[in-house]
Amino acid sequence: MSAPTDAAKAREEAKRKHESLTQLKVSHTLRAYQREWFEGLRKDVFQGGQPYAVVGALVPHEILEALDIPFITDVWYSGLVAAKRQSGYYSNFLDKCGYHRNLSRYAALTLAVMLDEENPDKPWGGLPMPSLLCTSINERSAEVMSAISGAPFIPIEQPVLDRPTPEWWKMSRWQWEDLDGDYRIDALAAQYQDLIAAAEKVAGKKLDYDRLREIINRVNAQEEYFHEIRTIIETAPKLPARLGEVMGQVMGIQWHRGTEWAYQQARAFRDEIKHRADNQMWACPNEQIRLMYVGQGLWQNLDFFTEFEEKYGAVFVRSNYLSIASDGYIRYGGRDPIRALASRYVTMSEQMHIPGLGSAWAIEEARTHRVDGGLSIAGWWGVKTVNQALEEAGIPVLDFPVDAVDGNTWDEQKMRALVSNFIEQRVLPSKAKKNIYA
Amino acid sequence: MQKPQRGAAFQTLAHHYAHRQEAARAAHAAGRKVIGRIGHTVPTELIMAAGAVPILITADLDRKTPVADIYVDPELPPETRTLFEAGVDGDFEFLDLLVLSRPYDKLYYFLKEIYRLGRAPKMPPFAIYDLMQSQREAVRVYNEDRIRDLVKRIGRIAAKVDDAALVAAIETTNSTRALQRRLGNLRATGTVGGVEAMQAIGAGYFMDPQSYAQALASFISEAAAGPALSARHNVLLITAEPLGHTNVHQLIEAAGANVVAEDDTWGARAAGDDISTKLDPLQAILDKYWSDVPTTGVWPPAARETWMMEQAARSDIDAIVMYIPPSDRMLGWDTPRLAKTFRDMGKPVQLLFHDALRDKGRSAIASELEPFFAGIPGRKEAAR
């Protein structure tokens, strides 16, 4: 197990590099807000003992927001641990606790930090025991957290998508009762009542449904800004913002979705991207190759996406994160806020990789973003089908053999060589061929 | 392990355990409707009540999977890959309907897509039966609707299902459950070995229900009158994945012990409790499969673990073996806690992380089991 001090050194180095690559003003305001938010969390929750929740990414945060319960999202927290270059340490720590290596670390680094009583260098000083847990029923690490903390665990069982619609994004905003199936929405809405009952106990007050409706609508409005940003990236002659910054910004805002800050930050983000595109401020002025990124975020090294600008003029223009914000979250016409929420989450995330749904969406995204190739990270089941569909549509794809958050799987030189070979041997020839036909 | 010679009844059971589609294909050839089920939570009673022949569809894990290698992600269980390949190859063509259960939702999605692409034209009609297994009222309405939908779907393929037919089917399967529980008692008394028991129980998933009940009853009578096996350590086996094979049992027997119970529908948990005859028959069937069929989807942990804790506490259980092959994504989260609980109960525990389906894995398991059992005092010494 690498010593935390090594991690601290690597972190400092990564931080310096990251600063030098930062192009967006909103990246600075996001970081400042995150620092302030964590400081508030530390003060109110970690020191003040205010109850908080640990939740999955695919549960209705809006309900907690409406009840003023602070919460941490397990997978994004894992992402932050990875971004702090401590994922290798915490992955090994889980091994040491007896959790074998084949168990997913994607959400479980939250548990690792909670269990770790020795490391003095925990991310943001570590995590106290939560008062409530709510994740997918398949996230067993949440059950472990519930057992050690004594906090109630509300599992969410997503109903199977028995009638898959490949072009789901065309129906998701207004036609969601048809798309998702009323019986599936009912199933989730019934489970949300369990969550509401448990959350009301923690909050010591009743859920205000009018406030919940406002929050849902504010999320819609925030995602509309993301939609505008995606359209700018799709249609601008060159890429106006680096993918790592875009991904960090999107996830930073999504964590706080429904709040006034998130809405305002999304607007500022849209304004800055528009300004850059209008004034031809490109991430890489020598842009030659446009790549898409498929799968879970490479949270342990977002700056990796900039490595190929100088040598190849290669930029990464697209990830799932911005696009799902636009296509997956927006639900209009939600008179019943619980049903609208249930529809928002009933297939959330899975539509990006369920065979058929994930492939149709990736092909559409490749077309609208004018991409020449794709880099795909394993971790989500169904990704191979997406890759195969892209290949059959003429988009070469590199299967990138790395864990999204586990730093132990990262080998900088090897990864750089893999992508370079891929660009030279697959993307450039494929692009040249297309140019001839054009 | 010294094994007694078994008669024709056991040979019949062992034959159908090995030749899993033989009876169903014969029924299809004879003009009967055959409905396949993938996973143990699809109720056979509904299929029987419709006058059709139920068959559990299982994976041939030695099968080559060239098409699955293109589409199916490596982190999914080998079972998903091989069943996908079988679907693409047309192995299920003889079925009139194939019903997948919730634990196989990913297989359902992959089959849906490959069929949509026109690359698996021999797939029969197929559907998912999405029984949620958390034990809470929030999922009741959804589960009730799903079983009603399944009854309609099966009724369209075979005969319309009515209450009288359901009651008759329940009577048949409850009789079989009683026999399987008697078999469990014989395992405890040492007259039936673990490998034999797995075959005798597993055959029931592939045979005509009446023929199976007859063969099982004959085997039980014969075994009950026969000698006990030589004294061995009695093992409770906890498994991360369904054991549609006897490899782990064989390795344990080769190491000088005997599995007397396993937390798996392929073995000791096949029977469970009877389906209630006091409730509306469809409701009773739903309740049985919702709360008394062990899968990884059962929640809360207490519901998942009650049976195994009761077994672990048995005074005749000498050791506990937990089989957690590389495909595990769930049991591993419970393993440290469960192992500690068992050890606190005074039971030695062996964790097996290798794959019993591969030669290399089997060698590794054998080399771990031998010293483990050698280090446990008790039954062997007593036998001497």
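Summarised in this report is the structure supplied together with it. (Residues numbered from 1 in each chain as written. Chains lettered and ligands numbered in written order. Predicted model: local features only at pLDDT ≥ 70, side-chain atom pairs only at ≥ 80, totals over all residues. Heavy atoms only, no water.)

So, the sheet that holds strand β6 (residues 314-318) of chain A
Residue and element names in this part refer to chain A. Pairing is parallel across the open sheet formed by four strands, whose spatial order is β6-β5-β7-β8. Edge positions in the sheet fall to β6 and β8 (397-400), since each has one partner strand and no second. Within this sheet the neighbouring strands show an average axis-to-axis angle of 30 degrees, counted without direction. As paired elements, strand β5 (residues 289-294) and β6 share four bridges and run parallel to each other. Bridge pairing in β6 places I289 opposite A314. (Pairing = 2+ DSSP bridges. Helix = DSSP H or I, 4+ residues; strand = E, 2+ residues; numbered from the N terminus. Axes fitted to C-alpha atoms, helices over the stretch in contact; angles between N-to-C directions.)

Looking at the nonpolar core
In terms of nonpolar packing, the biggest core is built from 231 residues, with F269 and F400 of chain A together with F84, L100, F219, I252 and F373 of chain B touching the most fellow members. Per-element tally for this core: the top contributor is helix α10 (residues 209-235) of chain A, with nine residues. For L100 of chain B, the contacting residues outside a window of four places in its chain are I38, V42, L107, Y108, L111, F126, A127, I128 and Y129 of chain B. A187 of chain A together with V42, A52 and V161 of chain B belong to the second largest nonpolar core, which has 33 residues in total. (Core = buried A, V, L, I, M, F, W, Y, C linked by side-chain atoms within 4.5 Å. Buried < 20%, exposed > 50% of the residue type's maximum accessible area, 1.4 Å probe, protein only. Contact = heavy atoms within 4.5 Å.)

A look at helix α5 (residues 87-96) of chain A
Most of α5 of chain A is tucked away: eight of the 10 residues are buried. Taken from the residues just after α5 of chain A, G98 of chain A is the one with a positive phi, measuring 100 degrees.

Here we look at helix α10 (residues 209-225) of chain B
Since the α-helix packs 3.6 residues into each turn, any two residues three or four apart lie on the same face. When the terminal C-alpha atoms of α10 of chain B are compared, their 25 Å separation across 17 residues agrees well with the 24 Å that a helix rising 1.5 Å per residue should span. By the burial criterion, the buried members of α10 of chain B are P209, Y212, A213, A215, L216, F219, I220 and A223 of chain B. (Expected span 1.5 Å × (residues − 1).)

Notes on the side chain of E350 of chain A
If you trace the backbone, E350 of chain A turns up in the loop between α15 (337-346) and α16 (357-369). Once residues within four sequence positions are removed from consideration, E350 of chain A is found in contact with Q158 and W381 of chain A together with Y109 of chain B.

Remarks on the sheet that holds strand β1 (residues 34-38) of chain B
Residue and element names in this part refer to chain B. Reading across the sheet, the four strands line up as β2-β1-β3-β4 and stay open at both edges, with parallel pairing between neighbours. Edge positions in the sheet fall to β2 (53-56) and β4 (126-129), since each of these pairs with one other strand and no more. For this sheet, the mean inter-axis angle between neighbouring strands, taken without regard to orientation, is 25 degrees. In this structure, β1 lies alongside β2, joined through four bridges in parallel fashion. Among the inter-strand pairings, V34 is bridged to a residue of β2, identified as V53.

Notes on the side chain of D328 of chain B
On the secondary structure map, D328 of chain B appears in the loop between β7 (319-323) and α14 (331-344). The side chain of D328 of chain B is buried and forms no salt bridge, while R329 of chain B, the nearest opposite charge, is found at 6.6 Å. Looking at D328 of chain B, its side chain comes within polar contact range of the main-chain nitrogen of L331 of chain B, at 2.9 Å. Ignoring any residue separated from it by four or fewer positions in sequence, one finds D328 of chain B in contact with H100, N102 and L103 of chain A together with A240 of chain B. (Lys, Arg positive; Asp, Glu negative; His and termini not counted. Salt bridge = Lys/Arg side-chain N within 4 Å of Asp/Glu carboxyl O. Polar contact = N/O pair within 3.5 Å; in protein donor to acceptor, adjacent residues only side chain to side chain.)

Description of the pattern of salt bridges
Applying the stated rule across the entire model yields 59 salt bridges over all chains. Across the pair R146 of chain B and D149 of chain B runs a salt bridge, and its minimum N-O distance is 2.9 Å. On the criterion of helical spacing, the pair formed by R146 of chain B and D149 of chain B is a turn pair, its members being three residues apart in helix α7 (residues 140-157). For R146 of chain B, a relative accessible area of 10% puts it in the buried group. Overall, D149 of chain B belongs to the partly exposed group, its relative accessible area being 37%. R314 of chain B is the salt-bridge partner of D316 of chain B, the closest N and O atoms lying 2.9 Å from each other. Taken together, the salt bridges that share partners define one network made up of R140 and E143 of chain A together with R304, E305, D334 and R337 of chain B.

Observations concerning the interface of chain B and chain A
In this assembly, 44 residues from chain B lie in contact with 46 residues from chain A. The contact between chain B and chain A buries some 3,800 Å² in all, and 59% of this surface belongs to carbon and sulfur atoms. There are five salt bridges connecting chain B and chain A. Here R136 of chain B makes a salt bridge to E157 of chain A, at a shortest N to O gap of 3.2 Å. Sorting the residues of the side of chain B that touches chain A by element identifies α4 (66-71), α6 (105-116), α7, α13 (301-312) and α14 of chain B as the ones contributing at least two each. (Buried area = accessible area lost by both parts, 1.4 Å probe.)

Let's talk about the pairing of strand β6 (residues 257-262) of chain B
Of all six residues in β6 of chain B, six are buried, a share of seventy percent or more. With helix α11 (residues 247-254) of chain B bridging strand β5 (residues 233-239) of chain B and its parallel neighbour β6 of chain B, the resulting β-α-β unit is right-handed. (Right-handed = clockwise from strand over helix to strand, strands pointing away.)

Quick look at the packing of α10 of chain A against α16 of chain A
All names here are of chain A. As a packed pair, α10 and α16 sit with axes 8 Å apart at the nearest point and diverge in direction by 60 degrees. In terms of orientation, α10 and α16 fall into the oblique class. The residues of α16 that touch α10, namely those facing R230, I233 and E234, are E365, T368 and H369. Its residues placed into classes, the contact of α10 with α16 shows one nonpolar, two polar and three charged. (Parallel < 35°, antiparallel > 145°, perpendicular 65-115°, else oblique. Nonpolar A, V, L, I, M, F, W, Y, C, P; charged D, E, K, R; others polar.)

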